[in-house]
Amino acid sequence: MTEFEFFARYEMGRIIITLVTLLITIIVMKLIQKHARLYVGDSVELARRRGNFVLLKNLVLLAAVIVVGTIWASKIAGAALSLAAVAGAMLIISKEFLANLLGSAFLTVSRLYRVGDFIELDGISGRVIDTDLLATTLSEAQEGSQVTSRTVTLPHSLLLVKPLRNLTATGAYVVHLLKVVADPAEDLIALEQALLKAAIEVCTPWMAQADAHLQRIESREMVDLPSAEPKVILQLNDVKQATLSLRYTCRPNERVKVEQAILRHYLAQRKAMQCAISA
């Protein structure tokens, strides 16, 4: 019996080929990612290169899947038939139970969130405190991201049909948006500067660390993330009111505290402006 026949027909041979294929795939993916991090260029060329790197990674993964699938084709066919029979029986017994299991599998593969993350799903937001086979338990949050003493359980079937927002996906430092309403008749430029100054005063202690953290994620995941430096966008969508949208960064568990500190600094500066005008 030749070595090829051994690898093609026997379990041990298939396992060896599968392990070698996975090892080669991991090495190639690491080399592609390392090469992508080393590239420096203008934003247009960088975006084009990132797209090429992502395409190359997908092709490598596809090739690995095809190789492994070919090796285990006969086993997969038998397993698929058995799995289809089991799935059909489960569907008859409990459609909701099956949907929750599929949602759990989707969560495991995609890693959408983990314990400690702050998420929003089906109009309910809160911090993840537990996950099991069928559901995720949140510590519910109300207006202003204030965590209450209540908990809410969300079935994993919702992950298959509802959009999920992970508000802490960037880890140690996250980007938040604070909206402040103003009268269009006021000095909006002065208010914009006051809000920006308030954010800089509050966020300066961790701004450099946050910026370095976001840049590391940007390089590792090959995604575009905003700068950690506060920025204000002026919106005039309504003739009766203007909106000042402040973007800032902070630690996930300090969002409410930082937001309140920025608002207090802003209101103090606004009051000082009004006193100066009246004087």
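Basis of the calculations
Residues numbered from 1 in each chain as written. Predicted model: local features only at pLDDT ≥ 70, side-chain atom pairs only at ≥ 80, totals over all residues. Heavy atoms only, no water. Pairing = 2+ DSSP bridges. Helix = DSSP H or I, 4+ residues; strand = E, 2+ residues; numbered from the N terminus. Axes fitted to C-alpha atoms, helices over the stretch in contact; angles between N-to-C directions. Contact = heavy atoms within 4.5 Å. Salt bridge = Lys/Arg side-chain N within 4 Å of Asp/Glu carboxyl O. Buried < 20%, exposed > 50% of the residue type's maximum accessible area, 1.4 Å probe, protein only.

1. Comments concerning the sheet that holds strand β7 (residues 231-238)
Stage number 1. Judged by pairing direction, the sheet is antiparallel, and its 3 strands sit side by side in the order β6-β8-β7 without closing on themselves. Each edge of the open sheet is held by one strand with a lone partner, namely β6 (174-182) and β7. The sheet shows a mean angle of 25° between the axes of neighbouring strands, taken without regard to direction.
Stage number 2. Across 9 bridges, β6 lies against strand β8 (residues 241-250) in antiparallel orientation. Counterpart to V174 in the pairing with β8 is C250.
Stage number 3. Seen against the sheet, helix α6 (residues 188-221) touches β6, β7 and β8 and runs at an angle of roughly 20° to β8.
Stage number 4. In the packing of helix α7 (residues 255-278) onto the sheet, contacts are made with β6 and β8, and the angle to β8 comes to roughly 135°.

2. Comments concerning the pattern of salt bridges
Stage number 1. Within this structure, the stated rule accounts for 6 salt bridges.
Stage number 2. Salt-bridge contacts for E120 lead to R165; the nearest nitrogen and oxygen are separated by 3.4 Å. One end of the pair, E120, is in strand β1 (residues 118-121); the other, R165, is in strand β5 (residues 164-166), with 45 residues separating them in the sequence.
Stage number 3. Note on E120: relative accessible area 27%, which makes it partly exposed.
Stage number 4. Taking the relative accessible area as the measure of exposure, R165 reaches 47% and is therefore partly exposed.
Stage number 5. A salt bridge links K162 to D122, with the nearest nitrogen and oxygen atoms 3.7 Å apart. In this pair, K162 sits in the loop between β4 (147-155) and β5 while D122 sits in the loop between β1 and β2 (124-131), placing the two residues 40 residues apart along the sequence.

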